[in-house]
Amino acid sequence: MFLVSSKTEVIEATHTEDYDKDVAHEAALEEQEAEWEEDEDEEEEDMAEAAEEEDEEDYDEEDEEPEAPPEPYVLPLPEVTNAIYLKSYFPVLKWNPSQKYGAADRRVWVVDHFSKSFYQLDGKGKLKKTHDSNKLLQLERNITDPRRARLMFFDAPKSYEVVFPSNEERERFYETGMSIRPAIRVYAPSLTKPDSAADGGSTTTTIDGVKENAVTVKVPSPFKKTGDLVDRELSGRCKINSSKVEEEPVTIWTGTFNMCGAPPPKNASELSKWMPRGKYDLYAVGTQECSWQKEEGEWFAFVQSYLGKEYLTLASMQLWDITVIVLCRKRCLLKITNVEGSTKATLHKEKCGMKGAAGISLRFHNTSMAFVSCHLAARMERQKMRKTNVEEIVSQIQLAHKDIDLSSQFQHVFWMGDMNYRVEMEATEAEPLLAKKSYLQLLNQDQLLTEQRESGLLHGFKETPITFAPTYRFKVGSTDYMRDRGRAPSYTDRILVKSFRNAPIKCTGYNKCDAITTSEHKPVFATYVVRAVRPALSCFHRDQEPRPQFELICVEFTEQTHLLFKKPQLSVFSQFTEHDKHKGKVMKEVNSMTPSFTGEHLPTPIKANMQMTEYLERQALTFVFRDTAEPREDKMFRGAAVMELDGRIEPYDQERTELIEVLCLSRKIGVVSIKYKVTNYGYTPPPGGAAGRIPEGANMDE
C-alpha cells in the first residue's frame, strides 16, 4: 500500500514493497499522457453532453461549499472561552514500540496560534524544533490507542509519534492543532459570526489579543510535576476558519471492472465515460482479473497518470489479480488520515488462491470509510461458495479495529466487485425482456437480491436500484451479449454501500459503461455525496457542560440464531471516549443463546471526552460480543451491535431502552436490548484552562 504527498510523492509505505518504474515504463506513460492530452477536446465535448444526461451531476446546491470567501469577523481575545488553548503546552512522551519510557523520552509540544507555529521542546524546556502551521501534513489520532497521535510535517524527514498523559489531553491537542491549519475549516459555532447564514454558516474569525485585549493567565508549568503555577501572556492576533455547519460535502466516485486479462483502453474518451476526470474528491477503483500487467503496480500507475497531477494516490492494494486504489484531490489530502490497507484470500479448496478481496480504509475529517474490491466464486450453481466468500472477507479482512468485523465499524463501507451472482433464467426467456428493457423482471431472478432477502447476506448493504442492462457476458470488442451455455446475461458486477443511520450519504449515479469493449464484462460505476464531519472545537465552546457519560444498566439478547454462548464477554468500542475499548468481566458458564449482562459484567460508565451534543450525535457505541470459551482469540467474535447516538443522548438522567440488531459474518443473527441512561459527570477546567497540566497522580515515566 502506498501513501503519497504532494511534496515527496511517497511519504510512507506498508503491506507491500516500494516499486520503481523503469525508464521504458516512464516513456510509455509519457506517450500515453500525450495521447490523452490530444483527446482532451473530444473528451470535454463528450462530458458536456453527458452532463445533461447523467444523474451524478444532479447535485443539490446545498451539497456544494460556498464559492465566495466568508466575511471576516473579529472577536476580542477576552471573549474566547479557554483562550489558553491558543497558546498551549502539552507534555508528552516520544512513543516507542517497547513502550518503556524514561526522562530522555519527555517532550513538550506547543501549539501557538499567534505565531502560527508548532514548537517541540525537550523535557527541560529547550527548543528542539519549530514547524510552521502550514507545513503540517497530517495530525492523526491512533485508532486503537486513545492516548497516541502522530504528526507529519512537510519539512521534517520523519513523523513524530507521541503519547499523551490521557485521552482528554490528546483530544484538546487535536482540536487546537486542527484549528491552526489554514486549509481546514473547523466546527466552532462559538467562534463563528452570529449572522453568518449568508456565508453558508462560515467565517474567517480573527481573534484580537492586541493591547487592551491581551490576556495573562496562571497555568501549571509543563516542566514540573509539582503543578507550580506560572504566568503566561496571550497577545497578538490569530485566525481560525470556523463554521456553524458541522458537515462538509465530499464527492466520491467508485468503480469496478473485471478486465478479463486485457489492458485498459488507450482512448481517453472511452475511459472517461466510465471514470470522468477531475469531477470528484475521491476515486476508488477496483478491478478483477488484472493479469495483463507486465510489471507490479502498472495498473496503479496507469490510473494515477490518467487522473493527472491534480490527484494523489492515497493507497493501493493488490491480491493476485484483484486490486483497489484510492486517490484524492490534492486539496483534500490534509483532511485525510488513518489510511490502512488489507487483503483476504478465500480458503475454499476449489478456489484457494483465485478469489478474495482487497480493501482500504481511511478517515475524511472525522468520518470513517472503507472501500473493498472483491472477486467471488464463479458459475451459476456456486451460490453457497459465494456466501462463504463474503463471510470470510467481512470477518477476516484486517482494517482499523481488529476486534470488530468490517460491516460494524466504519460509517460507510463501499463494497464493489465481480460478485458473480447470476440471473437464474434461460437466454431465450431473457432476450425479449432485454429488448423491452424490462430489467426489473430480470432482477426478480437475480441471485444476489434473493440471497440478501432469504439468508440476510450483506445485511444493511444497500444497492441503488438498477436501471441498466446486465454487465456480463459480452463478446469482446462489441456490445453484443455472448451465448453463455444458453443462460441469460447477468448482473455480476455490483456496487453496494452500508452506512450508519447518522452518517448522511446520497447516491448521485449508478450505471455501467458500454463504451469500453475490451472485456467480457462491462465496467460499473456509482457516485456519491457523503457529508463528512468536520473537526469540532469543544475547547473553545462557550458551554463546557453537560459532559455526558453513558451508564449501562442491562444488555441482553432478546433473540439470537447463531451460536451458543458458554463464557460470554461484552466490550463497548467508541472513538469519542477516554478509552477506545470498555470491557465488562467474563461471565461464568452460562450455556445460553440469549445471555444477559448486568452488574460487573457491564463496562464501567463510558465518559465522553467532549460536551458538544450535536457532534456526539454523529458518533456511535459499538457493542461487541465474544465467547471466551473459544481457545483461539480469532474465533471468539460472536457479533456486534452498533448504537448510533442521534436522538439517544438527551434528555439526561432518564432510563431508556433501545433494540439494536446484532450482526455477524455480514448477517443479522439477533437483537439485543440495551438499557442505559445518560448523566452529566461534570467538568472542572484546570487553572487558566490549560491543557498542558499533568493530571494529579499521573506518572509520565510509566
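Details of the structure are given in the entry above.
Note that the coordinates shown come from a computational prediction; the quantities given were computed from them, not determined experimentally.

A. Region of the structure containing the overall build of the protein. When helices and strands are tallied, the protein shows 10 helices and 35 strands. A separation of at least 24 residues holds for 71% of the contacts in the protein among residues at least 6 apart in sequence.

B. Expanded view of the side chain of Glu-247. Positionally, Glu-247 belongs in strand β16 (residues 247-258). In contact with Glu-247, other than residues within four places in its own chain, are Pro-504, Arg-531, Ala-532, Arg-534 and Arg-618.

C. Fine view of the sheet that holds strand β11 (residues 186-187). Reading across the sheet, the 4 strands line up as β3-β12-β15-β11 and stay open at both edges, with mixed pairing between neighbours. Single-partner strands in this sheet number two, and they are β3 (72-76) and β11. Sheet topology places β3 next to strand β12 (residues 202-209); 5 bridges connect them, and they run parallel. Looking across to β12, one finds that Val-74 is bridged to Thr-206.

D. Structural view of the pattern of salt bridges. What the rule picks out here adds up to 32 salt bridges. The salt bridge partner of Arg-494 is Asp-446, with a shortest N-O separation of 3.0 Å. With Arg-494 in strand β24 (residues 493-499) and Asp-446 in the loop between α8 (439-443) and α9 (447-455), this residue pair connects regions lying 48 residues apart in the sequence. Among the salt bridges present, the one from Asp-646 reaches Arg-501, with a minimum N-O distance of 3.0 Å. Placement of the pair is Asp-646 in the loop between β33 (637-644) and β34 (656-664) and Arg-501 in the loop between β24 and β25 (505-512), with a sequence separation of 145 residues. One network of salt bridges, in which partners are shared, links Glu-168, Arg-172, Glu-175 and Arg-547.

E. Layout of the environment of Ala-183. Within the secondary structure layout, Ala-183 lies in the loop between α3 (167-179) and β11. Given a relative accessible area of 43%, Ala-183 falls into the partly exposed group. Put simply, Ala-183 and Arg-331 are 148 residues apart on the chain and 8.2 Å apart in space, counted from C-alpha to C-alpha. Excluding anything up to four places from it in sequence, Ala-183 contacts Leu-334 and Lys-335.

F. Structural detail: unusual backbone geometry. A cis amide bond links Tyr-472 to the next residue, Arg-473, at an omega of 20°. Relative to the assigned elements, Arg-473 resides in the loop between α9 and β24. The amide bond that connects Glu-650 to the next residue, Pro-651, takes the cis arrangement and shows omega of 0°.

G. Highlighting α3. Spanning 13 residues, α3 covers 18 Å between terminal C-alpha atoms, matching the ideal 18 Å at 1.5 Å per step. Summarising burial for α3: 13 of the 13 residues are buried, a large majority.

H. A look at the pairing of strand β9 (residues 148-153). Within β9, 6 of the 6 residues are buried, which leaves the element mostly enclosed by the surrounding structure. What you see with β9 is no split at all: Arg-148, Arg-150 and Met-152 on one side and Ala-149, Leu-151 and Phe-153 on the other are buried throughout. Across 5 bridges, the pairing between strand β8 (residues 136-141) and β9 is antiparallel. Bridging from a neighbouring strand, Glu-140 pairs with Arg-150 of β9. Hairpin connection between β8 and β9: a loop of 6 residues separates the two successive antiparallel strands. Sheet topology note: the β9/strand β10 (residues 160-163) ladder contains 4 bridges and is antiparallel. Among the inter-strand pairings, Ala-149 is bridged to a residue of β10, identified as Val-162. Taking the residues between adjacent antiparallel strands as the criterion, β9 and β10 are bridged by 6 residues.

I. Representation of the pairing of strand β28 (residues 568-573). In terms of residue burial, β28 counts as a mostly covered element, since 6 of its 6 residues are buried. Residues of β28 alternate between two faces, with Pro-568, Leu-570 and Val-572 on one and Gln-569, Ser-571 and Phe-573 on the opposite face, all of them buried. Where β28 and strand β32 (residues 620-627) come together, 6 bridges link them in antiparallel fashion. Bridged to Phe-573 within β32 is Thr-622.

J. Quick look at the packing of helix α6 (residues 383-396) against α9. In the contact formed by α6 and α9, the axes pass within 12 Å of each other and the chain directions differ by 70°. Judged by the angle between their axes, α6 and α9 are roughly perpendicular. Where α6 crosses over α9, the handedness of that crossing is right-handed. Seen from α6, the contacting residues are Gln-383, Arg-386 and Lys-387; seen from α9, they are Gln-447, Glu-451 and Ser-455. Considered class by class, the residues forming the contact of α6 with α9 number no nonpolar, 3 polar and 3 charged.

K. Region of interest: the nonpolar core. Core analysis: the biggest nonpolar cluster contains 90 residues, and Leu-151, Leu-282 and Phe-371 have the highest contact counts within it. The leading source of residues in this core is strand β26 (residues 524-533), at 5 residues.

L. The packing of aromatic side chains, seen in detail. By the definition in use, this model includes 27 aromatic pairs. Between the aromatic rings of Trp-109 and Phe-153, the centroid separation amounts to 6.2 Å while the plane-to-plane angle is 10°, which identifies the pairing as stacked. Taken together, the residues Trp-109 in strand β5 (residues 106-112) and Phe-153 in strand β9 connect sequence positions 44 residues apart. Ring geometry for Phe-550 versus Tyr-676: centroids 6.4 Å apart, planes at 35°, classification tilted. Here Phe-550, found in strand β27 (residues 548-560), pairs with Tyr-676, found in strand β35 (residues 667-680); they are 126 residues apart in sequence, far enough to count as distant. By relative accessible area, which is 0% here, Tyr-676 ends up buried.

M. A positive patch on the surface, seen in detail. A grouping of Lys-94, Lys-126, Lys-128 and Lys-158 is seen on the molecular surface, where their side chains present a positively charged patch. Using a relative accessible area of 63% as the deciding quantity, one classes Lys-158 as exposed.

N. Highlighting the side chain of Arg-618. Relative to the elements of secondary structure, Arg-618 occurs in the loop between α10 (613-616) and β32. Overall, the relative accessible area of 8% leaves Arg-618 in the buried class. Contact partners of Arg-618, with chain neighbours within four places excluded, come to Glu-246, Glu-247, Gln-411, Asn-502, Ala-503, Pro-504, Arg-531 and Val-533.

O. Spotlight on the environment of Lys-309. Among the secondary structure elements, Lys-309 is positioned in the loop between α5 (298-307) and β18 (311-319). We classify Lys-309 as exposed; its relative accessible area is 74%. With 21 residues separating them along the chain, Lys-309 and Lys-330 place their C-alpha atoms 8.4 Å apart.

Basis of the calculations
Residues numbered from 1 in each chain as written. Predicted model: local features only at pLDDT ≥ 70, side-chain atom pairs only at ≥ 80, totals over all residues. Heavy atoms only, no water. Helix = DSSP H or I, 4+ residues; strand = E, 2+ residues; numbered from the N terminus. Contact = heavy atoms within 4.5 Å. Pairing = 2+ DSSP bridges. Salt bridge = Lys/Arg side-chain N within 4 Å of Asp/Glu carboxyl O. Buried < 20%, exposed > 50% of the residue type's maximum accessible area, 1.4 Å probe, protein only. Expected span 1.5 Å × (residues − 1). Axes fitted to C-alpha atoms, helices over the stretch in contact; angles between N-to-C directions. Parallel < 35°, antiparallel > 145°, perpendicular 65-115°, else oblique. Left-handed = near helix turned anticlockwise from the far one by under 90°. Nonpolar A, V, L, I, M, F, W, Y, C, P; charged D, E, K, R; others polar. Core = buried A, V, L, I, M, F, W, Y, C linked by side-chain atoms within 4.5 Å. Phe/Tyr/Trp six-rings, centres within 6.5 Å; stacked < 30°, edge-to-face > 60°. Patch = residues over 30% accessible without salt bridge, like charges linked within 9 Å, V, L, I, M, F, W, Y side chains within 5 Å. Areas by Shrake-Rupley, 256 points an atom, 1.4 Å probe, with all protein chains shown as cover. Lys, Arg positive; Asp, Glu negative; His and termini not counted. Charge placed at Lys NZ, Arg CZ, Asp CG, Glu CD.

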